[in-house]
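# Structural characterization, general
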Amino acid sequence: MAETTGPQELRYDAVDSLVGLAATLRAMGVAASAERVQAATSAMAALDPGRRADVYWAGRLTLCGSADDLARYDTAFEAYFGDRPGSVVRRQQVRRRQLQLVADPAGDPGGDGGEELPRESVTAAASSVEQLRHRDVSTLTAAEREELRRLLARLSLPGERRTSRRLRPAHRGHVDGGRTLRAWLSAGGEPARLRHRAPVSRPRRVVLLVDVSGSMEGYADALLRFAHAASRPGGRARGRDTTEVFALGTRLTRVTREMALRDPDTAMAAVAEALVDAGGGTRLGELLKQFLDAWGQRGTARGAVVVILSDGWERGDAALLGEQVARLQRLAHRVVWSNPRKAAPGYAPLAAGMAAALPHVDDFVEGHSLGALEHLADVVLGRVVSRA
Amino acid sequence: MLAAAGYFADEGVATAAYLALSLPRPLFLEGEAGVGKTSLAAALARVVGADLLRLQCYEGIDASQALYDWDFPRQLLHLRAAESAGTAAGPADAERLESEVYSRRFLLARPLLAALETTPAVLLVDEVDRADDEFEAFLLEVLSDYTVTVPELGTIRAEVPPIVVVTSNRTREVHDALKRRCLYHWVEHPEFDREVAIVRQRVPEASAALAEQVARAVAVLRGEGLLKPPGVAESIDWTQALVALGAERLDAATATATLGAVLKYREDQQHAKRLDVQQMITTAVLGG
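Residues numbered from 1 in each chain as written. Chains lettered and ligands numbered in written order. Predicted model: local features only at pLDDT ≥ 70, side-chain atom pairs only at ≥ 80, totals over all residues.

A word on the overall build of chain B. If you tally the helices and strands in chain B, you get 14 helices and nine strands. In terms of C-alpha radius of gyration, chain B reaches 25 Å, well past the compact-globule figure of 19 Å for 288 residues. Along the first, second and third principal axes, the C-alpha set of chain B runs to 85 × 40 × 35 Å. Looking at chain B as a whole, 38% of its 288 residues qualify as buried. Sequence-distant contacts in chain B: of pairs separated by 6 or more residues, those separated by 24 or more amount to 77%. (Helix = DSSP H or I, 4+ residues; strand = E, 2+ residues; numbered from the N terminus. Rg over C-alpha atoms; globule rule 2.2 N^0.38 Å. Buried ≥ 20, exposed ≤ 12 C-beta atoms within 10 Å, placed from the backbone. Contact = placed C-beta atoms within 7 Å.)

Counting its secondary structure elements, chain A contains 15 helices and nine strands. When the 388 residues of chain A are sorted by exposure, 41% land in the buried category. Nonlocal contacts in chain A, meaning residues at least 24 apart in sequence, comprise 74% of its contacts between residues at least 6 apart.

Residue and element names in this part refer to chain A. As a packed pair, helix 9 (residues 217-230) and helix 11 (residues 264-274) sit with axes 10 Å apart at the nearest point and diverge in direction by 120°. By the angle between their directions, the pair helix 9 and helix 11 is classed as oblique. Like other packed secondary-structure pairs, helix 9 and helix 11 cross with a definite hand, here right-handed. Contact with helix 9, carried on its side by Leu224, Arg225 and His228, involves Pro264, Ala267, Met268 and Val271 of helix 11 and no other residues of that element. (Axes fitted to C-alpha atoms, helices over the stretch in contact; angles between N-to-C directions. Parallel < 35°, antiparallel > 145°, perpendicular 65-115°, else oblique. Left-handed = near helix turned anticlockwise from the far one by under 90°.)

Now for the sheet that holds strand 2 (residues 51-56) of chain B. Remark on secondary structure: sheet strands pair via backbone hydrogen bonds, oriented parallel or antiparallel. Residue and element names in this part refer to chain B. The sheet built from five strands is open, its strands ordered 2-5-8-1-9 with parallel pairing. Of all the strands in the sheet, just strand 2 and strand 9 (183-187) have a single pairing partner and so form its edges. Across the sheet, the mean angle from the axis of one strand to that of its neighbour is 20°, orientation sign disregarded. In terms of strand pairing, strand 1 (residues 27-31) meets strand 9 through five bridges, oriented parallel. (Pairing = 2+ DSSP bridges.)

A word on the domain arrangement of chain A. All names here are of chain A. Structurally, chain A comprises domain 1 (12-81), domain 2 (119-148), domain 3 (161-203) and domain 4 (206-381). Each partner contributes residues to the interface: domain 2 has eight residues there, and domain 4 has seven residues. Among the residues making up the side of domain 2 that touches domain 4, the classes are represented as three nonpolar, two polar and three charged. (Domains from an automatic or database assignment. Nonpolar A, V, L, I, M, F, W, Y, C, P; charged D, E, K, R; others polar.)

Quick look at the environment of Ala270 of chain A now. Checked against the element boundaries, Ala270 of chain A lands in helix 11. When sequence neighbours within four positions are dropped, the list of residues in contact with Ala270 of chain A reads Glu258 and Leu261 of chain A.

Let us now look at the sheet that holds strand 2 (residues 174-175) of chain A. Residues and elements named next belong to chain A. Taken together, the three strands give an open sheet; going across it, the order is 1-3-2, and neighbouring strands pair in antiparallel fashion. Sheet topology places strand 1 (161-170) and strand 2 at the edges, where each strand pairs with a single neighbour. Sheet topology places strand 2 next to strand 3 (residues 196-203); two bridges connect them, and they run antiparallel. Across the sheet, His174 pairs through a bridge with Arg197, a residue of strand 3.

Moving on: the interface of chain B and chain A. Facing 41 residues of chain B, the contacting portion of chain A comprises 34 residues. Of all the secondary structure elements, the ones that give two or more residues to the side of chain B that touches chain A are helix 1 (11-22), helix 4 (72-84), helix 5 (91-101), helix 8 (176-180) and strand 9 of chain B. The dominant element in the side of chain B that touches chain A, judged by the number of residues it contributes, is helix 1 of chain B, at eight residues. Of the residues belonging to the side of chain B that touches chain A, the class tally is 18 nonpolar, eight polar and 15 charged.

A few words on the domain arrangement of chain B. Size of an interface, as often reported, equals the accessible area lost when the parts are brought together. Residues and elements named next belong to chain B. Taken as a whole, chain B is organised into domain 1 (3-67 + 110-187), domain 2 (73-104) and domain 3 (192-283). Taking only C-alpha atoms into account, the centre of domain 1 sits 31 Å from that of domain 3. Every contact between the two is made by eight residues of domain 1 and, on the other side, eight residues of domain 3. In terms of residue class, the side of domain 1 that touches domain 3 is built from three nonpolar, three polar and two charged.

Once that is clear, we can look at the nonpolar core. Leu27 and Val165 of chain B are the most contacted members of the largest nonpolar core, which totals 95 residues. By residue number, the principal contributor to this core is helix 10 (residues 208-222) of chain B, which donates seven residues. When residues no more than four places from it in sequence are discounted, the contact partners of Val165 of chain B are Leu27, Leu29, Leu40, Ala41, Leu44, Val122 and Leu124 of chain B. Ala227, Ala304, Val361 and Ala372 of chain A belong to the second-largest nonpolar core, a separate cluster that totals 66 residues. (Core = buried A, V, L, I, M, F, W, Y, C linked by C-beta atoms within 7 Å.)

Let us look at the pairing of strand 3 of chain A. Pairing geometry for strand 1 of chain A and strand 3 of chain A, over seven bridges, is antiparallel. The partner of Thr163 of chain A across the bridge, within strand 3 of chain A, is Ser201 of chain A.

If you want it as structure tokens, here you go:
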């Protein structure tokens, strides 16, 4: 390793190439800020800029900020310091397109910056919010869907409350030494009333697992928008954990970061970008196992309210799905399964996957309409109980 | 450098540690449980001959447990003593009394403050992902300018900034503002030779053959998609268990008996048994 520190003054081209590498990384979606570049430069100065491995580690240790960044860093490094030195990877155009998971081909309102909606149809849709609330989202027209999106954006999804270990001033509870001392001090040392503090309650973390496979085509857009509204920070539940959102397609994709974009349409475009695989078949059990291995067991699902938004249509082994849902239930505070097909008349959980999962689900609710999603929000909050 | 302190580092860890010492910049380590994140901090402390101050994070940890706390019982006693001595009469006395009560001798230094006041020091902030956002905010203040502000007392500044190691199991994403100030490293499981070296160094009683077999068997287990793949810590535990049983080599009977040292889930143990421990060991003995 670089026990022999190079000259403190860096050669111009070393700094230059780090800046170029950082630009490449930014184009690939790694937040390599100016501050990080500065750190990379000082790291280079402490190492040997002439050695490829030292350049690699200096950049990786300073420019990356999470495990997700590492693969992208390797690609960028290869592109930048590989056989074509100095070539910058083309910046990908961020496509402002809508997530095209909706079956109806006419329902593509964002293709070129939003199509003009016929005025009368907007009015008609707005006047029948109550009717819209109970309509199955997969059967809506373009205008109705537009209205639904507006309504979805207003939802929020705080978790059930639990007692936190954080304390705040209260009338009863533990004695608050600091405030008691101040009270006594201001009384000139005279013993005054004891002050107290007590634990506060906080909402539990909510984890959303959204099925975006082919069988969920008509619902995926609405459910992802619901997830976006749910992961919006602030609102009435201040100081809560971020809602984690994962998409289950042919692969497991964590979309929490994309969901953090404030504007729903921008966020959906970013999610569409991240989901290269929407619409394929799903092996739910396998994906759930991946989620639990990589995230859930480490703590993401621990004590959380986990909501699975899926029709339970399992292409793989149903037994594996049952096993994994059981494992999830042991980790999570509550497992809620929201199934858009449940509302269909005469529905019975006959899909093998759904039947295998059901014994390990705490709440089994509908998920086909706005009203059903509002009800789901109440279930997550613990206001309504609908046992599976 | 780290090898002298009993830590076998790969190039990434070594470079990270070197930069953490020479820049100096806090080191943010992520990785599976049991890959040696915490022991790297201990090794760094041994290398530079510094005290290791460890702060274990948990949900709800606050300033009074991480930064400083006032020693309220003693403050109250002091107040009562002053009052009964009759020195707490006029307004001038009240002011004097207040500055007495809020003086450094009644301040209890918790790990973050203690790290600033100790020179040299290695500060280990363990499992920062278990703490909440509020904690990250004051950790940020400490890490950005190595000062702690006590409202009643003023700002306490570190003469020499401590070496800081922050570890996370990645149960949630730690805030970017905190990560930006750190060197980021993802710690991998060690490769075979390094793992053997680590096991032999930590369990000197184990024979070379036993250490190698354990490392091979653990490598096989890691590839089996278990709920909790064993880390280096488990390899060491397993070797210790085998040594305690007087085993010279790994065989089916002792391996099955000591499986609890490596696999901590019932499902994983069943899976390993289905895998046929004998088969696994044959692979291990034959050299994979």
